[in-house]
Amino acid sequence: MALGLSITNLTKVWNADGPAPVPAVNSLSLNVARGEFVVLLGPSGCGKSSLLYIAAGLEQATSGTITFDGLAITEPAPERSLIFQEAALFPWLSVRDNVGFGLSIRGGQPQERAERVDALMKRVGLGGIGDRRPEQLSGGMRQRVALARALAMNPELLLMDEPFAALDIQTRARMQEHLLEIWKSSGASVMLVTHSIDEALALADRIVVFTARPGQIKAELHIDAPRPRDLRSPEMIELGRECEALLAEEVTKAFAEQELL
Amino acid sequence: MTDMILSSAPAGPNPRLHAALAKARRRIVATAWVLASLSLFVGIWELAWWQKWANPLLLPPPHIFLTNLPDQFRFFDPTGARAGALNAGGSIWSVLGVIGWSSLRVFVGLVLGFAISLVVGLAIRYFEIFGKLVLPLVTMLAPISPVAWLPVAVFFFGIGNPPAIFLVFIAVFFIMVLATLAQVDAVPKHYIQLARVMGASKRQIYLRVILPAILPGLFVTLRMNLFAAWMVVLIAEAVGVGSGLGQVTMMARNTFNASLVFFTMTLIGLTGFAFDQTLGLIQRKVLWWVGPSTVKGA
C-alpha cells in the first residue's frame with residue numbers, strides 16, 4: 001500500500017456523455033509521497049486544476065484509480081484540504097469564525113475550538129485581527145486566513161490551486177516563505193498548481209510539467225537544493241530555462257490547437 | 001466632491017469627534033439633496049398654479065392641499081373601520097391611525113412574503129422532487145397581477161385586514177421565490193466546495209453557507225418590491241378592505257375632492273419613503289456583507 005496520494009491511469013473527460021466531451025486529463029499516473037511538495041506546472045487549461053479537484057474528492061475521475069493512504073477517494077474529506085486562488089472567505093463571518101468554520105462543523109467544545117483558532121491565527125501571523133471582517137483584509141492576509149482555516153482540520157494533503165496568483169510579487173514571495181514554514185512544521189504533503197516557473201522553483205521538491213490538454217505528464221524535475229533558494233544561482237537559472245523550454249513547446253501546441261477551432 | 005474634501009481634511013486633536021462631525025455633515029448634505037429634489041418638484045407645481053396653467057380645482061398646488069389640514073383630517077377614520085362618515089376623524093391622530101393601518105398591512109404582508117418565499121425557494125433547491133413539482137407552478141403564477149387576485153382575496157378572506165395582507169403577500173411571494181432560486185444558483189461555487197471539503201452535510205451547507213450568502217441579495221430584492229407592495233395595498237384598501245389610505249383616496253375620487261387626493265398621495269409617498277429608508281438601514285446594519293449579485297452601498 002502506498003502512503004500519500006497515488007494516482008494511476010487517471011482519465012477525466014468533462015461532459016463525457018454530452019455532444020462535445022472535453023478531455024481534461026488523459027491516463028495520468030502520479031504519486032505524491034507523505035510530506036512531499038509537488039508543484040504542477042503547465043499551460044492554462046491543461047487539466048491540472050481538474051486533477052486537484054479530483055484529489056479533493058469534489059469531482060469524480062472518468063476512469064483510473066486515485067487513492068490516499070491506500071483508500072479510494074470518492075468524496076471530500078477534511079484531511080485533504082483545498083485552497084483556491086481567491087481565499088473564498090465567508091464575508092458574513094469574522095476572521096476568527098472563518099478560521100473556525102471547519103471546527104464548528106465538526107463540533108466539540110467551544111472553549112477548545114476558540115483556543116485552537118487563536119493558536120492557528122498566531123501560527124499564520126495574524127494574532128490580533130480575529131474580530132475583523134474579511135473585506136477589511138488585504139489579499140495576502142485573506143490568503144493566510146484561508147491557510148489557517150485549512151490547517152485547522154489537520155490536513156495530511158494540502159491541495160492548492162494557484163493560491164498566490166492574485167497577489168503582488170512582494171506579497172507572493174513572503175507567502176511562499178510562509179507556506180514553506182507551515183509545510184515543514186505540519187508534515188503534510190502539498191500539491192500546488194501554478195503557471196509561474198519561479199514559484200515552482202522556489203517551492204517544489206518535484207516539478208511536474210504538464211502537456212497541453214488533455215493533460216499528461218511531460219517531464220518531472222527533482223530539486224534537491226535546500227530552501228530558501230536563490231533563484232539567481234546558476235543551478236536555478238538552468239532549471240528555470242529547462243522548465244521554460246518544456247512549457248513553451250506545450251503553449252505552442254495549445255495555440256496551434258486553438259487556431260484549428 | 002464634498003465627501004472628498006471631508007475625508008482629506010486633517011484629523012483634529014480629537015479624531016473621534018472629527019469623524020462624528022464629518023458623518024453629521026454628510027447626513028446634512030444628503031438631507032439637503034432630498035429637500036432640493038422635493039422643492040424643485042413643488043416649485044414647478046406652484047409655478048403652474050401661479051401662472052394659471054393648471055386648473056386649481058383639478059390640480060391644487062401643495063400650499064392649498066397642505067394648509068387646509070383640519071378639513072382634510074375629517075376624512076380619516078383612525079379605527080380602521082369603514083370610513084366615509086365625517087364624524088369619526090378629525091385630528092392628526094386619526095391621520096396617523098390610517099397611515100398605521102396601511103403600514104401594518106404592508107409590513108405583515110412583506111414579512112410573511114419574505115419568510116415563506118425564502119423557505120419555499122430553499123426547499124425547491126433542497127428537495128429535488130418538491131422542486132420539480134412546485135417550480136413550474138410558481139413560474140406560471142408569478143406573472144399574474146396581484147390585482148387579478150383581488151376577487152380571490154375577497155372570496156377567501158372577506159372584508160378587512162386579511163385580504164389586504166394576502167394581496168401584499170401575493171405581490172412579493174412569487175417574485176421572491178424566483179429571486180431566492182436565482183440567488184441560490186449564484187452562490188459562489190467555491191463557498192460550497194469549501195464547505196464540502198470541511199465536511200459539511202447538505203443541511204449544514206444550506207443553513208450555514210447558502211442562507212447567509214443569499215440574504216443580502218434577497219433583501220435588496222425585497223426593498224425593490226416594497227413599492228409594488230404599497231401599490232397593491234392601496235388597491236386592496238380601495239376595493240376590498242374599506243379603510244386605510246387607499247380607501248381615503250377612493251373616497252376622494254368619488255367625491256371629486258382633488259385636495260384630498262393629493263394630500264393622501266403625499267402621505268403615501270412619505271410613508272413609502274420612510275419604509276424604504278428603514279429597510280435600507282436594516283440592510284446596512286444587520287446584513288453588512290454583500291451578496292455576490294448585489295451592488296454595494298445604496
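Below is a summary of the structure that appears in this document. Predicted model, so just to flag it, every value in this text is computed and none were measured.

Things to note about the nonpolar core
- Core analysis: the biggest nonpolar cluster contains 139 residues, and Met191 of chain A together with Leu167, Val168 and Val172 of chain B have the highest contact counts within it.
- Not counting the four nearest positions on each side in its chain, Val172 of chain B is found in contact with Leu110, Gly113, Phe114, Ser117, Leu222, Asn225 and Ala229 of chain B.

Observations regarding helix 4 (residues 110-123) of chain A
All names here are of chain A.
- The end-to-end C-alpha separation of helix 4 is 20 Å, in line with the 20 Å expected for 14 residues at 1.5 Å each.
- Those residues of helix 4 that sit buried are Val117, Leu120 and Met121. Viewed along the axis of helix 4, the buried residues span an arc of 100°, placing them on a single side of the element. Opposite the buried face of helix 4, at more than 90 degrees from it, the exposed residues are Gln111, Glu112, Glu115 and Lys122.
- Contact partners of the buried residues in helix 4: helix 2 (95-99), helix 3 (101-106) and helix 5 (139-151).
- Gly125, located one to two residues past helix 4, shows a positive phi value of around 80°.

Some thoughts on the sheet that holds strand 1 (residues 5-14) of chain A
All names here are of chain A.
- Pairing within the open sheet is antiparallel, and its four strands lie in the order 2-1-4-5. Because the sheet does not close on itself, it has two edges, and the strands there are strand 2 (22-32) and strand 5 (71-72).
- Here strand 4 (residues 63-68) pairs with strand 5 via two bridges, running antiparallel. Considered in strand 5, the bridge of Thr67 is made with Ala72.

Conventions adopted
Residues numbered from 1 in each chain as written. Chains lettered and ligands numbered in written order. Predicted model: local features only at pLDDT ≥ 70, side-chain atom pairs only at ≥ 80, totals over all residues. Core = buried A, V, L, I, M, F, W, Y, C linked by C-beta atoms within 7 Å. Buried ≥ 20, exposed ≤ 12 C-beta atoms within 10 Å, placed from the backbone. Contact = placed C-beta atoms within 7 Å. Helix = DSSP H or I, 4+ residues; strand = E, 2+ residues; numbered from the N terminus. Expected span 1.5 Å × (residues − 1). Arc of directions from axis to C-beta. Pairing = 2+ DSSP bridges.

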